[in-house]
Amino acid sequence: MARAALILGGARSGKSRRGEEMALSCGLAPVHIATAEARDDEMRERIARHKARRRGRGWREVEAPLDLAGAIRAEAAADRILLVDCLTLWLANTMLAGRDAGAEAAALRRAIGDAPGRIVLVSSEVGLGIVPENALARRFRDLAGELHRDLAREAETVLFMVAGLPLAVKAPPPARPPD
Amino acid sequence: MARAALILGGARSGKSRRGEEMALSCGLAPVHIATAEARDDEMRERIARHKARRRGRGWREVEAPLDLAGAIRAEAAADRILLVDCLTLWLANTMLAGRDAGAEAAALRRAIGDAPGRIVLVSSEVGLGIVPENALARRFRDLAGELHRDLAREAETVLFMVAGLPLAVKAPPPARPPD
Amino acid sequence: MARAALILGGARSGKSRRGEEMALSCGLAPVHIATAEARDDEMRERIARHKARRRGRGWREVEAPLDLAGAIRAEAAADRILLVDCLTLWLANTMLAGRDAGAEAAALRRAIGDAPGRIVLVSSEVGLGIVPENALARRFRDLAGELHRDLAREAETVLFMVAGLPLAVKAPPPARPPD
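About the criteria used
- Residues numbered from 1 in each chain as written.
- Chains lettered and ligands numbered in written order.
- Predicted model: local features only at pLDDT ≥ 70, side-chain atom pairs only at ≥ 80, totals over all residues.
- Heavy atoms only, no water.
- Pairing = 2+ DSSP bridges.
- Helix = DSSP H or I, 4+ residues; strand = E, 2+ residues; numbered from the N terminus.
- Axes fitted to C-alpha atoms, helices over the stretch in contact; angles between N-to-C directions.
- Contact = heavy atoms within 4.5 Å.
- Buried area = accessible area lost by both parts, 1.4 Å probe.
- Salt bridge = Lys/Arg side-chain N within 4 Å of Asp/Glu carboxyl O.
- Polar contact = N/O pair within 3.5 Å; in protein donor to acceptor, adjacent residues only side chain to side chain.
- Buried < 20%, exposed > 50% of the residue type's maximum accessible area, 1.4 Å probe, protein only.
- Least-squares fit on C-alpha atoms with pLDDT ≥ 70 in both.
- Core = buried A, V, L, I, M, F, W, Y, C linked by side-chain atoms within 4.5 Å.
- Right-handed = clockwise from strand over helix to strand, strands pointing away.
- Nonpolar A, V, L, I, M, F, W, Y, C, P; charged D, E, K, R; others polar.
- Phe/Tyr/Trp six-rings, centres within 6.5 Å; stacked < 30°, edge-to-face > 60°.
- Parallel < 35°, antiparallel > 145°, perpendicular 65-115°, else oblique.
- Left-handed = near helix turned anticlockwise from the far one by under 90°.

Student: Help me out: how do you make sense of the sheet that holds strand E5 (residues 118–124) of chain A in this one?
Tutor: The pairing of strands in a sheet comes from backbone hydrogen bonds and takes either a parallel or an antiparallel form. Residue and element names in this part refer to chain A. One open sheet holds the seven strands; their spatial order is E3-E2-E4-E5-E1-E6-E7, and the pairing between them is mixed. In the strand order of this sheet, the two ends are held by strand E3 (60–63) and strand E7 (165–170), each with one partner. Geometrically, the sheet is characterised by an average inter-axis angle of 20° between neighbouring strands, direction not taken into account. Of the strand pairs in this sheet, strand E1 (residues 3–9) and strand E6 (residues 157–162) are connected by five bridges, and their pairing is parallel. Along E6, the bridge assignment pairs Leu 8 with Phe 160. Strand contacts of helix H1 (residues 15–24): E1, strand E2 (29–34), strand E4 (80–85), E5, E6 and E7, with the helix running at about 160° to E1, the strand carrying the most contacts.

Given below as structure tokens:
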């Protein structure tokens, strides 16, 4: 598996910004894989704001609202770091498109597992409120929770963002000192 | 009070699994006290999956959707570890049954306080979303929050699960070295 | 900026109590700035309970459901510690009053930045559940998230309360030993 980091957090908790900083600071060529679809003005405005922040800093920009596994397979390389932003939007797109979200999540995990280089995965934690009355929303938060759990098991770093600051849930092992 | 651990977390955050591992690794005889009622297929399937995971590993299985304090009093013993999974389901059952949830929570805390042996309490954190419009849901999350706070004060260990991984909110004191 | 602490957490997670303890333990004169309005019995009862807890312990009590920046400017002093409880209620009041919440949040941040003495800010984390269907609720949780992020950047201490216990998200630097 690519050396992976998973960045979880709530709304406006600084997940995307943290992911961008991690990608830019590691020395590899950064690729931004966006899963958002600009379906309304709220979303369009948000996507434009984030894009403006990345402009002129060497990012390659890719959009993958549905075929995220394919985009990861196409883009991953030993000298690249992929930033996927974000997994819950991709999961929502997948469910809205009537696809089998469980099978798609398994395919996504395989693509991440096979990828060379590094990958940073941004996703929203959505399971800490009242159980939703809507069955689809319940299914969505269950699938999101399972996906996060499965990815966190393999990831080297897991962060939980609170108010723009990271709580380290899983930290990489300390670097081995040179002999 | 029994030496208690409280495991909190969101949907599918690995709370049950962590509780089972804690119970199986401590050397005492494990008793599983389930509070779930199989009211629909979603629930039936989930209960069956969790039961299958525990099968053949020495668990004694008890169901206590409402009289959780009674089940704890009946089952607790110095050579046993009880795993209660989970408190928020029990609280929802109690409210749906029209019982006085505040009084029942106090009785539960007394039963836990009196219990010999060890106990692991699994519960869902439900208070980190938008304030629910529904007054009953607001009352539920307030009662859940108060119960967690009261139990955490007495517990030796409190974990907050994120994506299957524990954040230690309260850790037991280091073991005293043998004389 | 005043030396500031930001205390975040979910419903009934012990935020207010922690804030009161921090204010009372620092040696400065404590001022309680409440943003709650007693609009219904639920709220009236809650406000009365919290007030009773503070009675006779030297608190000066101020109410600022809307003009929080003004109250901070009026009350802050080098020998005082202000406890603002809480920011999300103030934000909800601001939005319900039809005010420009973004501009008001900027004014609030300036007032906090200009204040002498110390300040403890209590606020609810509301962004960790399912995305609300209601556009106003979405806007509210986005603004709350941004406000928390902006304040956390400047604060000396940021706590995330879980079941009445603090997780340190940002800790003050260790005290310099006396020469």
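That was the structure; now back to the text.
Student: What exactly am I supposed to notice about the interface of chain A and chain B here?
Tutor: Contacts between the two partners involve 20 residues from chain A, matched on the other side by 23 residues from chain B. For the pair chain A and chain B, the summed buried surface comes to about 1700 Å²; carbon and sulfur atoms form 66% of the total. Broken down residue by residue, the surface that chain A buries against chain B is led by Leu 128, Ile 130 and Arg 149 of chain A, which jointly contribute 37%. At the junction of chain A with chain B, the criterion picks out three salt bridges. For Arg 12 of chain B, the salt bridge goes to Glu 146 of chain A, with nearest N and O atoms at 3.1 Å. Where chain A touches chain B, the interface holds six residue pairs in polar contact (both at pLDDT 80 or more).

Student: Would you take a moment to explain the pattern of salt bridges for this structure?
Tutor: Side chains that carry opposite charge are capable of pairing whenever their charged atoms lie near each other. The full count for this structure, using the stated rule, is 48 salt bridges over all chains. Linking Arg 12 of chain A and Asp 142 of chain C is a salt bridge whose minimum nitrogen-to-oxygen distance equals 2.9 Å. Separated into two different chains, Arg 12 of chain A in the loop between E1 and H1 and Asp 142 of chain C in helix H6 (residues 135–154) make up a pair that spans both. The same class applies to Arg 12 of chain A as to Asp 142 of chain C, namely buried. Two residues, Arg 80 of chain C and Glu 75 of chain C, come together in a salt bridge whose shortest N-O distance is 2.9 Å. When salt bridges with common partners are traced through the structure, they connect Glu 20, Arg 53, Arg 54 and Glu 61 of chain A into a single cluster.

Student: I'm lost on unusual backbone geometry in this one. Help?
Tutor: Only a minority of non-glycine residues have a phi that is not negative, and only a minority of peptide bonds are not trans. Each neighbour pair has its own omega, and for Asp 85 of chain A with Cys 86 of chain A the value is 5°, a cis peptide bond. Checked against the element boundaries, Cys 86 of chain A lands in the loop between E4 and helix H4 (87–96). Residues other than glycine seldom take positive phi values, yet Arg 12 of chain C does so here, at roughly 50°.

Student: Any chance you could explain the sheet that holds strand E3 (residues 60–63) of chain C here in plain terms?
Tutor: Residue and element names in this part refer to chain C. A sheet is described by the order of its strands in space; here seven strands give the open sequence E3-E2-E4-E5-E1-E6-E7, paired in mixed fashion. Because the sheet does not close on itself, it has two edges, and the strands there are E3 and strand E7 (165–170). Neighbour-to-neighbour, the strand axes of this sheet turn through a mean angle of 20°, independent of strand direction. In the sheet, strand E2 (residues 29–34) pairs with strand E4 (residues 80–85) via six bridges, with the strands oriented parallel. Opposite Ala 29, over in E4, you have Arg 80 as the bridge partner. Packing against the sheet, H6 makes contact with strand E1 (3–9), strand E5 (118–124), strand E6 (157–162) and E7, and its axis sits at approximately 140° to E1.

Student: So what exactly am I meant to see when it comes to the relation of the copies chain C and chain B here?
Tutor: Here the second copy of the chain follows from the first by a rotation about an axis and a shift along it. By a simple turn and slide, chain C fits onto chain B: the slide is 0.0 Å along the axis, the RMSD is 0.0 Å, and the turn is 120°. Between the two chains, the operation in question is that of a three-fold axis. In terms of C-alpha distance to the rotation axis, chain C has Gly 129 of chain C as its closest residue, with the C-alpha 2.5 Å off the axis.

Student: Explanation requested: the nonpolar core in the structure shown.
Tutor: Formed by 126 residues in total, the largest nonpolar core has its most connected members in Ile 72 and Phe 160 of chain A, Ile 72 and Phe 160 of chain B together with Ile 72 and Phe 160 of chain C. Not counting residues up to four positions away in its chain, the partners in contact with Ile 72 of chain B are Ile 33, Leu 82, Val 84, Leu 108, Ala 111, Ile 112, Ala 115 and Ile 119 of chain B.

Student: Would you take a moment to explain the pairing of E3 of chain C for this structure?
Tutor: Put simply, side chains in a regular strand alternate between the two faces of the sheet. All names here are of chain C. Pairing of E2 with E3 involves four bridges; the strand directions are parallel. If you follow Ala 34 over to E3, its bridge partner there is Glu 63. Once the chain exits E2 it traverses helix H2 (residues 41–54) before rejoining the sheet at E3, and the crossover so formed is right-handed.

Student: What should I look at first to understand the side chain of Glu 20 of chain A in this one?
Tutor: All names here are of chain A. On the secondary structure map, Glu 20 appears in helix H1. With relative accessibility at 6%, the residue Glu 20 sits in the buried group. If we ignore the near neighbours within four places in the chain, the residues touching Glu 20 are Arg 53, Arg 54, Trp 59 and Leu 83.

Student: Just to check I follow, could you spell out the interface of chain C and chain B for this structure?
Tutor: By a widespread convention, an interface's size corresponds to the accessible area lost as its parts come together. Facing 23 residues of chain C, the contacting portion of chain B comprises 20 residues. One can count three salt bridges joining chain C with chain B. The interface formed by chain C and chain B holds seven residue pairs in polar contact (both at pLDDT 80 or more) in total. Going through the elements one at a time, H6, E6 and E7 of chain C are the ones with two or more residues in the side of chain C that touches chain B. Looking at the side of chain C that touches chain B element by element, the count peaks at three residues for H6 of chain C. Within the side of chain C that touches chain B, the residues separate by chemical class into eleven nonpolar, eight polar and four charged.

Student: I keep staring at the packing of aromatic side chains and nothing clicks. Help me out?
Tutor: How two aromatic rings sit relative to each other is set out by the distance from centre to centre and by the angle between their planes. This model, assessed by the stated rule, comprises three aromatic pairs over all chains. One aromatic cluster is present, formed by Phe 160 of chain A, Phe 160 of chain B together with Phe 160 of chain C through successive ring pairs.

Student: What exactly am I supposed to notice about the packing of helix H5 (residues 101–114) of chain A against helix H6 (residues 135–154) of chain A here?
Tutor: If you want to describe how two helices pack, look at the angle between their axes and the distance between the axes. Residues and elements named next belong to chain A. Between H5 and H6, the least distance of the axes is 11 Å, while the angle of their chain directions is 20°. Considering the angle they form, H5 stands roughly parallel to H6. Taken as a pair, H5 and H6 cross one another with a handedness that is right-handed. Contacts between H5 and H6 involve Ala 101, Ala 105, Leu 108, Arg 109 and Ile 112 from the first element and Leu 143, Leu 147, Asp 150 and Leu 151 from the second. The class makeup of the residues in the contact of H5 with H6 is seven nonpolar, no polar and two charged.

The analysis is restricted to geometry; functional conclusions fall outside its scope.
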